[in-house]
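Inside the fold
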Amino acid sequence: MQENSSGLVRRVLILVVVGLTLLTVAGVVVQMWAQADRARRVAEDSARSVGAALLPILEQTLIVGDLETARQTMSGVVEHRSIERLALLHPDSGAVVLDAREQEPESRGSRLITAVIGEFQPHVMEITVGGVRYGKLLVQPSADAVLDDLWHIGRLALFGGLLSLAIFLPLLAVALRQDLRPLVRLSKVVEQFGQGAISGRAKPEGAAEIVATAHAFNQMADRIENLLADLGAAKA
């Protein structure tokens with residue numbers, strides 16, 4: 001019975017591990033889904049902040065007609081992955097004058113993020129100095145930055161779930177073995193009874209179901225012992 005109880009503990013632990021793992025993964029997915037819209041808003045706010053910080057530099061370069069410095073500045077900003085695209089547009093026609101984009105192709109993850117939460121809307125800002133319109137700055141948030149943020153959230157949630165599982169399982173195993181000890185002792189008494197030790201009785205202990213089983217066994221054992229005693233007396 002000791003081996004059987006160990007096998008029972010293993011089966012219960014396996015079921016618990018599978019169930020909690022599925023719940024942990026589902027929780028991570030739900031949390032990432034819930035945080036996706038927040039991450040999108042953060043990315044769009046970041047794009048507006050980048051555009052606001054970039055405007056004074058572009059104003060100075062465009063006043064003197066230094067498009068090369070403007071291009072280098074925009075390319076340097078795009079390299080930081082928080083911005084997918086920066087474009088300098090003509091103030092009237094909207095034609096692209098300068099265009100800086102991420103060098104790496106769009107990943108499958110970023111395409112998935114876009115499919116889930118929708119396209120990122122570009123932020124367009126007027127470049128005006130002294131009433132003169134020099135152009136428009138288009139700032140496109142990066143889906144890869146949102147993906148990085150969501151992966152970070154997902155990893156933290158997954159780590160927390162696995163850590164909880166690692167702490168919970170040993171405690172569960174100890175509790176199961178502790179609760180199964182009365183059942184193991186009951187099985188030993190039953191086995192000894194079957195081998196001829198008819199005077200042995202089970203100690204009612206443990207869970208209510210085990211206590212009820214022990215009482216039922218003791219009553220049965222009493223009846224069998226009394227029956228055997230009567231049969232012995234009759235033969236005598």
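Residues numbered from 1 in each chain as written. Predicted model: local features only at pLDDT ≥ 70, side-chain atom pairs only at ≥ 80, totals over all residues. Heavy atoms only, no water.

**Considering the sheet that holds strand E3 (residues 123-129)**
In plain terms, the rule: A pair of strands is treated as paired once DSSP finds two or more bridges between them. Strands here mean DSSP runs of E at least two residues long; helices mean DSSP runs of H or I at least four residues long; both are numbered from the N terminus. Between N-to-C directions, angles span 0 to 180 degrees; the directions come from axes that are lines fitted to C-alpha atoms, helices contributing only their stretch in contact.
With respect to topology, four strands assemble into an open sheet ordered E2-E1-E4-E3, the strand pairing being antiparallel. Among the strands making up the open sheet, the edge pair consists of strand E2 (96-101) and E3. Averaged over all adjacent pairs, the angle separating strand axes in this sheet is 15°, with direction ignored. Strand direction decides the pairing type here: E3 and strand E4 (residues 132-141), joined by seven bridges, are antiparallel.

**What about the confidence of the model for the protein?**
For clarity, the threshold we go by: How sure the predictor is of each residue is captured by pLDDT, a score from 0 to 100.
Here the protein averages 82 in pLDDT, and 89% of its residues register 70 or above. Across the protein, element-level confidence peaks in E4 with a mean pLDDT of 90 and bottoms out in helix H3 (residues 108-117) with 62.

**Some points on a nonpolar patch on the surface**
Our working rule: Like charges within 9 Å and nonpolar side chains (Val, Leu, Ile, Met, Phe, Trp, Tyr) within 5 Å are joined into patches, using only residues over 30% in relative accessible area that form no salt bridge. Calculation of accessible area relied on Shrake-Rupley with a 1.4 Å probe; when residues are assessed, cover is drawn exclusively from the protein chains displayed. Basic side-chain nitrogens of Lys or Arg form a salt bridge, by our definition, when they fall within 4 Å of a carboxyl oxygen of Asp or Glu.
Taken together, the side chains of Met220, Ile224, Leu227, Leu228 and Leu231 make up a nonpolar region of the molecular surface, amounting to roughly 420 Å² of accessible area. By secondary structure assignment, the location of Ile224 is in helix H5 (residues 208-235).

**A look at the pattern of salt bridges**
One side chain can pair with another of opposite charge once the charged atoms of both are near each other. Defined as follows: Throughout this description, buried means an accessible area under 20% of the type-specific maximum (1.4 Å probe, protein chains only), exposed means over 50%, and partly exposed covers the range between.
A complete count under the given rule lists nine salt bridges for this structure. For Glu68, the salt bridge is made with Arg71, and the minimal N-O distance between the two is 2.4 Å. Note that Glu68 and Arg71 are positioned in helix H2 (residues 67-78) at a spacing of three residues, about one turn of the helix. Looking at Glu68, the relative accessible area reads 40%, which means it is partly exposed. With relative accessibility at 35%, the residue Arg71 sits in the partly exposed group. Here Asp222 ties to Arg201 by a salt bridge, and the two come within 2.7 Å at their closest N and O atoms. With a gap of 21 residues between them, Asp222 in helix H5 and Arg201 in the loop between helix H4 (143-194) and H5 connect regions that are remote in the sequence. Within the structure, one salt-bridge network assembled from shared partners comprises Arg85, Asp99 and Arg101.

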